[in-house]
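# Fold and geometry: a report
The chain contents come next:
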2 protein chains.
Amino acid sequence: MTKRIISELYKGFISDSYPFVIMAQLARQPFSRGEYRDRLHETQRRMEDRGLNVLLITDPANIFYLSGYDAYSFYVPQILLVTPDRDQPVWVGRDQDYTCATETTWLDTDNIVVYSDEYVDSEKHPMSFVADILNNWGRADTTIGVEMKSDYFSAHAYHELSRALPDATFEDTTKFVNFIRMVKSDAEVECHRQAAKISEQAMKQGIDTISAGVSESDAAATVYEALLEGTDETGGDYPAIVPLMPSGKGTGSPHLTWTNEKYEEGEPVILELAGVVNRYHSPLTRTIFLGEPPEQVRTASQIIVDGIEAALDAVEPGVTCEEVEQVWRERIKGTIVEKESRIGYSTGIGYPPSWVEKTASIRPGDQTELQPNMVFHMIPGVWFDDYGIEISESFLVTEDGAEVLADVPRELIVKN
Amino acid sequence: MTKRIISELYKGFISDSYPFVIMAQLARQPFSRGEYRDRLHETQRRMEDRGLNVLLITDPANIFYLSGYDAYSFYVPQILLVTPDRDQPVWVGRDQDYTCATETTWLDTDNIVVYSDEYVDSEKHPMSFVADILNNWGRADTTIGVEMKSDYFSAHAYHELSRALPDATFEDTTKFVNFIRMVKSDAEVECHRQAAKISEQAMKQGIDTISAGVSESDAAATVYEALLEGTDETGGDYPAIVPLMPSGKGTGSPHLTWTNEKYEEGEPVILELAGVVNRYHSPLTRTIFLGEPPEQVRTASQIIVDGIEAALDAVEPGVTCEEVEQVWRERIKGTIVEKESRIGYSTGIGYPPSWVEKTASIRPGDQTELQPNMVFHMIPGVWFDDYGIEISESFLVTEDGAEVLADVPRELIVKN
């Protein structure tokens, strides 16, 4: 059976049910139409609760969630329009991306609308095009939700939209779809599990490769190769954040990328990466020490591991994010480890620049209650004057507690 | 000499001059302080011409250009402030990225200002913090340039900023720094040349690997490995856009990413990639045919190559972008090849989601005059009903014409 025929099957015959085996593979249309309809209906239900007539979505992760649209084309404006009554969202994008939409979304072609190239990097802005659509729908004077904090909804886009729709009422719906995404379906959980297997493999590859005398860029090359090659079951999708692998003093700077300097004996190396399947991320971090670590590094690592394990033990449905953080905080109290920033966040679908879901954070004040099928990345990065230690786990909330997704020894990795 | 000591040298002793050999390597501080000062002075000169009291920069490429800041942390708000009188820009970012700034920028620590973690994914927005700085400088009621179309200046960020600075006058300076970046220094050109060598190598690796029966994700893994591993002279930096490698009918969809389906005999595969050194991109694209191509594919490829060569021949200082496009257009006239969208754009520094510089496009109406040391990616992608062909070159404008940066046969690559 060729991929063309499979693709037709996706669209037509296999509509509401779907063999789970497909979930173990990168695919152009990884979810069933039934699942997309469920996502849409939940969105529409919440829109009605909030009195929204239109949801204007610009975050690529939210567009993917509701439509399936998946291409590296989000550097031009792309918009998904949802109304409470339409039975599919409408995708709006650039003309040359039309077939990306037909190939990857569950939408009928009537619901794929493109603007011409004269709107690209020019004075004409696609939001005036979107305003015309809303005018045609008779929704120019209604309440429209816009993602004010989305990276892909620029100040100018909002300016153009509000100028073209002077009678509309705009509401900030930045995290509206993100919160719907937060509780995963079983099919999404399967993507996370497969992604975690890729994370394990890439981490093992990284640990094997990173040694004194090896250049950072060569190590990055090897880790990337493992991330994309994937497992026997599935290839890997690209991560929203490149592998972060600072070394030495740089471990105090968690977001530094690699150079082509060589690793040196006697220094720590942090490796933060995420396996990805169908845009679902399972991030994982370990700290590797090249040579015999100083006592302080060993001690601090053990404290961090203890803190993580205590926090993981505290996870169960109904517990709040801040309660989980509190357990961590209590456990490290009075030790050499101090931690001001959040120790984790919910994760899932991600496009550059981030795999953070931007809903709940594991930190004081966040009263989000854990529910089964939420996925978090717990990453209490700790930075001292000269170095940092990061050890992290992605976990799924289950009825019983936390299911840690990847299986890599939870400790300071010492390479002697 | 350890990397720590080299890093100190960068900051101190080697100030205005710089051995070019450093340019051939990924480095935390690849340019001299003298070069940064030149960039700043040119920016300040243009600010005065335009009557700007503050330039508030949010585009990571522009921040990198003026400060050297380079880390994968642009998913939280980062701001560079330039005034006509200060002798360095001021970088504003998240507290945990402070040492990323000390490690990668030429700025004195006084000019590195951080906001705490309570501003991250929360109700408090860093723009209120920035407004406080401008207030302290007595610039709250002045003319402030903001990048309204930047991906990393959200509608909300502008809202918060303008609310906090009600007496300020805001001007859209989206492409202000981009246009300064457009003419490269010799050190920047050297980055492009080194990046092109990486592009060549990754392209050769891709052509060798892509074959019927190989999975797309395995091919992507190999290409990525080659991009990061780099050449004997330098490792590779990550590209702002992942390698795009659609196959079969997917070649009509230029921005599709890979799945783990296998390539099939008798189909075209497009490979668009960019080698990157110190964030400078040299994109390159070839179309590979697995097996004997249909006559139409051969014919169309030859027409595209002829068109590209005619357009490259037309490049010289003083010629406009639209004149270059006109030569392409004339050459393909009356053939089976039709092309509506632009055939190229200026390129240089790039961060996700794009390596496009967003200044000049090679298309009708763009009257930007070519100048020596500009760099363009000429990519006249042509899409038919069932497939597409993309063959591209990055080129440097020299006193004499176009210097094509990578050396890969400019033709349809046939793998029999």
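Here is what the cut-offs are and how they apply
Residues numbered from 1 in each chain as written. Chains lettered and ligands numbered in written order. Predicted model: local features only at pLDDT ≥ 70, side-chain atom pairs only at ≥ 80, totals over all residues. Heavy atoms only, no water. Core = buried A, V, L, I, M, F, W, Y, C linked by side-chain atoms within 4.5 Å. Buried < 20%, exposed > 50% of the residue type's maximum accessible area, 1.4 Å probe, protein only. Contact = heavy atoms within 4.5 Å. Helix = DSSP H or I, 4+ residues; strand = E, 2+ residues; numbered from the N terminus. Least-squares fit on C-alpha atoms with pLDDT ≥ 70 in both. Disulfide = S-S within 2.5 Å. Pairing = 2+ DSSP bridges. Buried area = accessible area lost by both parts, 1.4 Å probe. Salt bridge = Lys/Arg side-chain N within 4 Å of Asp/Glu carboxyl O. Polar contact = N/O pair within 3.5 Å; in protein donor to acceptor, adjacent residues only side chain to side chain. Nonpolar A, V, L, I, M, F, W, Y, C, P; charged D, E, K, R; others polar. Domains from an automatic or database assignment. Axes fitted to C-alpha atoms, helices over the stretch in contact; angles between N-to-C directions.

## Considerations on the nonpolar core
Counting residues in each nonpolar core, the largest one holds 210 residues, and the members touching the most others are Leu56 and Leu81 of chain A together with Leu56 and Leu81 of chain B. Setting aside residues up to four positions removed in sequence, Leu56 of chain B forms contacts with Ile79, Leu80, Leu81, Met127, Val130, Leu134, Ile144, Gly145, Val146, Glu147 and Leu161 of chain B.

## Things to note about unusual backbone geometry
Note that the residue after Pro352 of chain A, namely Pro353 of chain A, is joined by a cis bond; omega there is 15°. Take Pro353 of chain A: it is sitting in the loop between strand S9 (344-351) and strand S10 (354-361). The backbone of Lys358 of chain A shows a phi angle near 65°, a positive value even though the residue is not glycine. Tracing the backbone through its elements, the reader meets Lys358 of chain A in strand S10. Although it is not a glycine, Asn373 of chain B sits at a positive phi angle of roughly 75°. Relative to the helices and strands, Asn373 of chain B resides in the loop between strand S10 (354-361) and strand S11 (375-378). The class of Asn373 of chain B is buried, set by a relative accessible area of 17%.

## What about the relation of the copies chain B and chain A?
For the pair of chain copies, the relating operation is a rotation around an axis with a shift along it. In screw terms, the move from chain B to chain A is a rotation of 180° and a rise of 0.0 Å along the axis, fitting with an RMSD of 0.0 Å. The superposition of one copy onto the other is thereby described by a two-fold rotation axis. Within chain B, Ala155 of chain B has its C-alpha nearest the rotation axis, a separation of 1.9 Å. Most of the interface of chain B is mirrored in chain A, where 100% of its interface residues again form contacts.

## Focus: the environment of Arg181 of chain A
All names here are of chain A. Here Arg181 shows up in helix H7 (residues 176-181). Residue classification places Arg181 among the buried positions, given a relative accessible area of 2%. It is 7.5 Å that separates the C-alpha atoms of Arg181 and Tyr65, two residues lying 116 residues apart in sequence.

## What to know about the state of the cysteines
Residue and element names in this part refer to chain A. By the definition in use, this model includes zero disulfides over all chains. In this model Cys100 remains outside any disulfide bridge; the closest cysteine sulfur is found in Cys191, 20 Å from its own. Overall, Cys100 belongs to the buried group, its relative accessible area being 0%. Residue Cys191 is classed as buried on the basis of its relative accessible area, which comes to 0%.

## What to know about the pairing of S10 of chain A
Residue and element names in this part refer to chain A. For S10, the buried fraction is high: seven of the eight residues fall into the buried class. Where S9 and S10 come together, three bridges link them in antiparallel fashion. By the bridge assignment for S10, Thr347 is matched with Val356.

## Here's the deal with the interface of chain B and chain A
With 82 residues of chain B in contact, the opposing surface of chain A contributes 83 residues. Between chain B and chain A, the buried area comes to about 7,200 Å², and carbon and sulfur atoms account for 52% of it. For the interface between chain B and chain A, the tally reads four salt bridges. A salt bridge links Glu103 of chain A to Lys249 of chain B, with the shortest nitrogen-to-oxygen separation between them at 3.4 Å. The tally of links between chain B and chain A comes to 34 residue pairs in polar contact (both at pLDDT 80 or more). Listing elements by their share of the side of chain B that touches chain A, those giving two or more residues are helix H1 (3-11), helix H4 (98-104), helix H6 (155-164), helix H9 (216-229) and S10 of chain B. Looking at the side of chain B that touches chain A element by element, the count peaks at nine residues for H9 of chain B. Split into classes, the residues belonging to the side of chain B that touches chain A amount to 29 nonpolar, 25 polar and 28 charged.

## Comments concerning the domain arrangement of chain A
All names here are of chain A. Parsing chain A into structural domains produces domain 1 (3-180) and domain 2 (182-415). The C-alpha centroid of domain 2 is placed 31 Å from the C-alpha centroid of domain 1. Each partner contributes to the roughly 2,100 Å² buried at the junction of domain 1 and domain 2, and carbon and sulfur atoms together form 59% of this total. Here domain 1 is connected to domain 2 by two salt bridges. Where domain 1 touches domain 2, the interface holds nine residue pairs in polar contact (both at pLDDT 80 or more). If you list the elements that add at least two residues to the side of domain 1 that touches domain 2, you get helix H2 (33-50), helix H3 (60-67) and H7. The dominant element in the side of domain 1 that touches domain 2, judged by the number of residues it contributes, is H3, at four residues. Within the side of domain 1 that touches domain 2, the residues separate by chemical class into 17 nonpolar, two polar and five charged.

## A few points about the sheet that holds strand S1 (residues 54-57) of chain A
Residue and element names in this part refer to chain A. Across the sheet, six strands lie side by side as S4-S3-S2-S1-S5-S6; this open sheet has mixed pairing. Edge positions in the open sheet fall to strand S4 (112-115) and strand S6 (169-172), since each of these has one partner strand only. Shown here is a sheet whose adjacent strand axes are inclined to one another by a mean of 25°, direction ignored. Sheet analysis places S1 next to strand S2 (residues 79-82), joined by three bridges and oriented antiparallel. Among the inter-strand pairings, Leu56 is bridged to a residue of S2, identified as Leu81.

## A look at the sheet that holds strand S4 (residues 112-115) of chain B
Pairing between sheet strands relies on hydrogen bonds along the backbone, with the strands arranged either parallel or antiparallel. Residues and elements named next belong to chain B. Spatial strand order, S4-S3-S2-S1-S5-S6: six strands in an open sheet with mixed pairing. The sheet terminates laterally at S4 and strand S6 (169-172), the two strands that pair on one side only. On average, each strand axis in the sheet is inclined to that of its neighbour by 25°, with strand direction left out of account. The pairing of strand S2 (residues 79-82) with strand S3 (residues 90-94) spans three bridges and is antiparallel. Each bridged residue has a counterpart across the sheet, and for Leu81 the counterpart in S3 is Val90. Lying on the sheet, helix H2 (residues 33-50) is in contact with strand S1 (54-57), S2 and S6; it crosses S2 at an angle near 70°.

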